[in-house]
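Here's the letter readout for the chains.
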Amino acid sequence: MKAKHQLNIRLDEHLYIMAKNKCKNQFGIGLTPLIKIFLKSFVTQSGVGFYVGDDDLCKMFNSWLGKKWLEQHRKGCAPLPGPKLRDLYSLK
């Protein structure tokens with residue numbers, strides 16, 4: 001039998017309840033299968049591997065990923081302008 005690993009994620013209670021309800025009500029699945037699908041897509045596809053939200057959110061997410069890539073390759077330089085991770089977390 002293959003070894004299993006557990007992933008623990010801390011979520012705001014409101015976000016957890018909303019995500020759990022959406023999974024159950026709209027798709028008839030739990031959060032675990034949804035997270036597994038996202039992770040499988042992430043590791044098997046180029047880039048992130050899945051579409052993120054509407055066009056505005058998609059642009060913000062892609063900008064944030066591009067900024068993080070540039071920052072990683074420009075160590076020691078000034079911070080780059082653009083969206084921060086907290087901007088993605090604070091979406092309504």
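Placed above this text is the structure.
Treat the numbers as computed from the prediction; the structure is a model and nothing was measured. Think of each chain on its own: its residues are numbered from 1, step by step along the sequence as written. Per-residue local features are limited, in this predicted model, to residues with pLDDT of at least 70; the limit for side-chain atom pairs, both in listing and counting, is 80 or more; totals at the level of whole chains, interfaces and linings are taken over all residues. Computation of side-chain values: all heavy atoms of the structure, hydrogens and water removed.

Student: I'm lost on the overall build of the protein in this one. Help?
Tutor: Assigned secondary structure in the protein consists of four helices and zero strands. Here the C-alpha radius of gyration of the protein, 16 Å, is well above what a compact globule of 92 residues would show, namely 12 Å. Viewed in the frame of its principal axes, the protein has a C-alpha envelope of about 45 × 40 × 25 Å. Counting only residues that meet the buried cut, the protein has 13% of its 92 residues in that class. By definition, residues are in contact when any of their heavy atoms lie within 4.5 Å. Summarising the internal contacts of the protein: among those between residues at least 6 apart in sequence, 22% fall at separations of at least 24. Accessible area for the protein stands at about 8400 Å²; split by element, carbon and sulfur atoms hold 59% of it. Two residue types count as positive, namely Lys and Arg, and two as negative, namely Asp and Glu; His and chain ends fall outside the count. For this purpose, a charge sits on NZ of Lys, CZ of Arg, CG of Asp or CD of Glu. Taken as two groups, the 16 positive and 7 negative side-chain charges of the protein have centres that lie 10 Å from each other. Numbered from the N terminus, helices here are DSSP runs of H or I no shorter than four residues, and strands are runs of E no shorter than two. The reference for a compact globule is 2.2 Å times residues^0.38; the radius of gyration itself is calculated from the C-alpha atoms. With a 1.4 Å probe rolled over the protein chains alone, any residue whose accessible area is under 20% of its type maximum counts as buried; one over 50% counts as exposed, and the rest are partly exposed. Using the Shrake-Rupley algorithm and a 1.4 Å probe, accessible areas are obtained, with residue cover drawn only from the displayed protein chains.

Student: What's the story with a nonpolar patch on the surface in this structure? I'm lost.
Tutor: Together, Leu7, Ile9, Leu11, Leu15, Tyr16, Ile17, Met18, Ile35 and Leu39 give the surface a local cluster of nonpolar side chains, amounting to about 810 Å² of exposed area. Secondary structure elements with two or more residues in the nonpolar patch: α1 (13–27) and α2 (31–44). No other element matches α1, which puts four residues into the nonpolar patch. Residues forming no salt bridge and having over 30% relative accessible area are the ones grouped into patches, like charges within 9 Å of each other and nonpolar side chains (Val, Leu, Ile, Met, Phe, Trp, Tyr) within 5 Å. A pairing counts as a salt bridge when a side-chain nitrogen of Lys or Arg comes within 4 Å of a carboxyl oxygen of Asp or Glu.

Student: For this particular structure, what's the right way to read the pattern of salt bridges?
Tutor: According to the stated counting rule, one finds one salt bridge in the structure shown. Glu71 is the salt-bridge partner of Lys68, the closest N and O atoms lying 3.2 Å from each other. Of this pair, Lys68 and Glu71 both sit in helix α3 (residues 55–73), separated by three residues, roughly a single helical turn. Relative accessible area serves as the criterion here: at 24%, Glu71 is assigned to the partly exposed category.

Student: Sorry if this is basic, but what is going on with the environment of Pro33 here?
Tutor: Along the chain, Pro33 turns up in helix α2. Counting along the chain gives 10 residues from Pro33 to Cys23, while the straight-line C-alpha distance between them is 9.4 Å.

Student: Hey, could you run me through α1 in this one?
Tutor: For an α-helix, 3.6 residues make a turn, and residues three or four places apart therefore share a direction. Between the first and last C-alpha of α1 there are 21 Å, a value that for 15 residues agrees with the 21 Å anticipated at 1.5 Å per step. The N-cap of α1, judged by a side-chain oxygen 2.8 Å from the amide nitrogen of His14 a few residues on, is Asp12. Positive backbone phi, at 70°, marks Gly28, one or two positions downstream of α1. Multiplying one less than the number of residues by 1.5 Å gives the expected span of a helix. Polar contacts, as used here, are pairs of N or O atoms within 3.5 Å; protein pairs need one atom able to donate a hydrogen and one able to accept it. Residues neighboring in sequence count only if both atoms are side-chain atoms.

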